[in-house]
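Structure at a glance
Each chain, letter by letter, is given below.
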Amino acid sequence: MRTELVSVPGDPTRPNEDFASVGLPASGQGGCLVVLDGVTPPRGDTGCLHSVPWYTARLGGALTELTVSLPDVPLSGALARAIARTSEAHASTCDLSHPRTPQATVVLARWTEETVDYLVLSDSALLLESPDGAVTPVLDDRLSRLPREALVSDAVIDAGYRNQEGGFFTAAADPAVAARAVTGAVPRADVRSLTALSDGAARWTERFREGDWTDLHTAVRKNGAQWLVDRVRALESADRETRAYLGRGKTHDDATVVRVELPPAG
């Protein structure tokens, strides 16, 4: 098995709010990957004493452990337990009911000799490559399907759409959100590789239209994960100068890519 992991902050003067890991059980059977994209809050009160990187490190560490150590627990169950564990770590000091309590998007995958299970919550992405080279994106597109008027301000989003029915969901303080994730499973023999992307890296496809998901996967396979991040940075810098593209709050975003090439099944 071969793995590649690249995670680069959007601003070198600020902590990276993404989290990424690849876990391999001591038995040598299977493994897991975790990618979290911490949600940067607007200026002002979040009800919490802790930073987004504190939250993603806690949640990501719990997810890495639980997805490996509890192979019989579904990924949604592992996410629910990890959220509960993280919430307990600061419930006594912070207002976890605040809509901007630290939170993150989630990509999880776990593979055994028989199966690849996956979970995606909010706007990060997972790409599954089959042995014949076909690429299947696993996406939670609820945020992108919101009406334009829903996105006019942070206040409108928080009041009517964030972690609410008819809106979109992130991992925050409520373990029940795990049931809202996009989940599924495919036979292990049908997957040759997995590529997980925070939305800062997925901009290559979603914002800049450099190619579709298959093109992105091919570019990473040929050129490496760092190439993708570097290319996104160049596109972001050009966008800042020309203002050719709209709809981005930050010029540069934290960008994370995890690629896992699985050995042949059996």
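Placed above this text is the structure.
The text that follows walks through the structure, step by step, so that each part is easy to find. (Residues numbered from 1 in each chain as written. Predicted model: local features only at pLDDT ≥ 70, side-chain atom pairs only at ≥ 80, totals over all residues. Heavy atoms only, no water.)

Moving on, we come to the pattern of salt bridges. Oppositely charged side chains may form a pair once their charged atoms are brought near each other. What the rule picks out here adds up to 13 salt bridges. Note that R100 is salt-bridged to D154, the shortest N-O span being 3.3 Å. Residue R100 is located in the loop between α2 (75-88) and β4 (104-111), and its partner D154 is located in helix α3 (residues 154-160); the two are separated by 54 residues in the primary sequence. The class of R100 is buried, set by a relative accessible area of 7%. Assessed through its relative accessible area of 36%, D154 is described here as partly exposed. For R233, the salt bridge goes to E236, with nearest N and O atoms at 3.0 Å. Remark: E236 and R233 occur in helix α6 (residues 225-242); sequence separation between them is three residues, near one turn of the helix. For the pair shown, R233 and E236 are each scored as buried. (Salt bridge = Lys/Arg side-chain N within 4 Å of Asp/Glu carboxyl O. Helix = DSSP H or I, 4+ residues; strand = E, 2+ residues; numbered from the N terminus. Buried < 20%, exposed > 50% of the residue type's maximum accessible area, 1.4 Å probe, protein only.)

Below, the discussion takes up the sheet that holds strand β3 (residues 31-38). With antiparallel pairing, the five strands of this open sheet are ordered in space as β2-β3-β4-β5-β8. Because the sheet does not close on itself, it has two edges, and the strands there are β2 (18-23) and β8 (182-187). The sheet shows a mean angle of 5° between the axes of neighbouring strands, taken without regard to direction. When β2 meets β3, the two strands line up antiparallel, connected through six bridges. Within β3, the position partnered with S21 by the bridge is V34. Against the sheet, helix α1 (residues 52-69) engages β2, β3 and β4, with an angle of about 165° to β3. (Pairing = 2+ DSSP bridges. Axes fitted to C-alpha atoms, helices over the stretch in contact; angles between N-to-C directions. Contact = heavy atoms within 4.5 Å.)

Among the structural elements, P53 can be located in helix α1. Residue class for P53 comes out partly exposed when judged on its relative accessible area of 22%. Each C-alpha atom of the pair P53 and V138 lies 25 Å from the other, and the pair is 85 residues apart in sequence. For P53, the contacting residues outside a window of four places in its chain are P15, N16 and E17.

This paragraph deals with the packing of aromatic side chains. Going through the model one piece at a time under the given rule, you end up with one aromatic pair. Here W204 and W227 contribute two aromatic rings whose centre-to-centre distance is 6.4 Å and whose plane-to-plane angle is 65°, an arrangement assigned as edge-to-face. Taken together, the positions of W204 in helix α4 (residues 199-206) and W227 in helix α6 put the pair 23 residues apart, joining distant regions of the chain. Accessibility expressed as a relative area gives 6% for W204, which makes it buried. (Phe/Tyr/Trp six-rings, centres within 6.5 Å; stacked < 30°, edge-to-face > 60°.)

Relative to the helices and strands, T64 resides in helix α1. Reaching out from T64, the side chain makes a polar contact with the backbone oxygen of G60 at a distance of 2.8 Å. Excluding its chain neighbours within four sequence positions, the residues that come into contact with T64 are F19, S21, G23, C32 and V34. (Polar contact = N/O pair within 3.5 Å; in protein donor to acceptor, adjacent residues only side chain to side chain.)

Side chains of residues three or four places apart in an α-helix project in the same direction, reflecting 3.6 residues per turn. Of all eight residues making up α4, seven are buried, and the element is well covered by its neighbours. Considered for burial, the residues of α4 that qualify are D199, G200, A201, A202, R203, W204 and T205.

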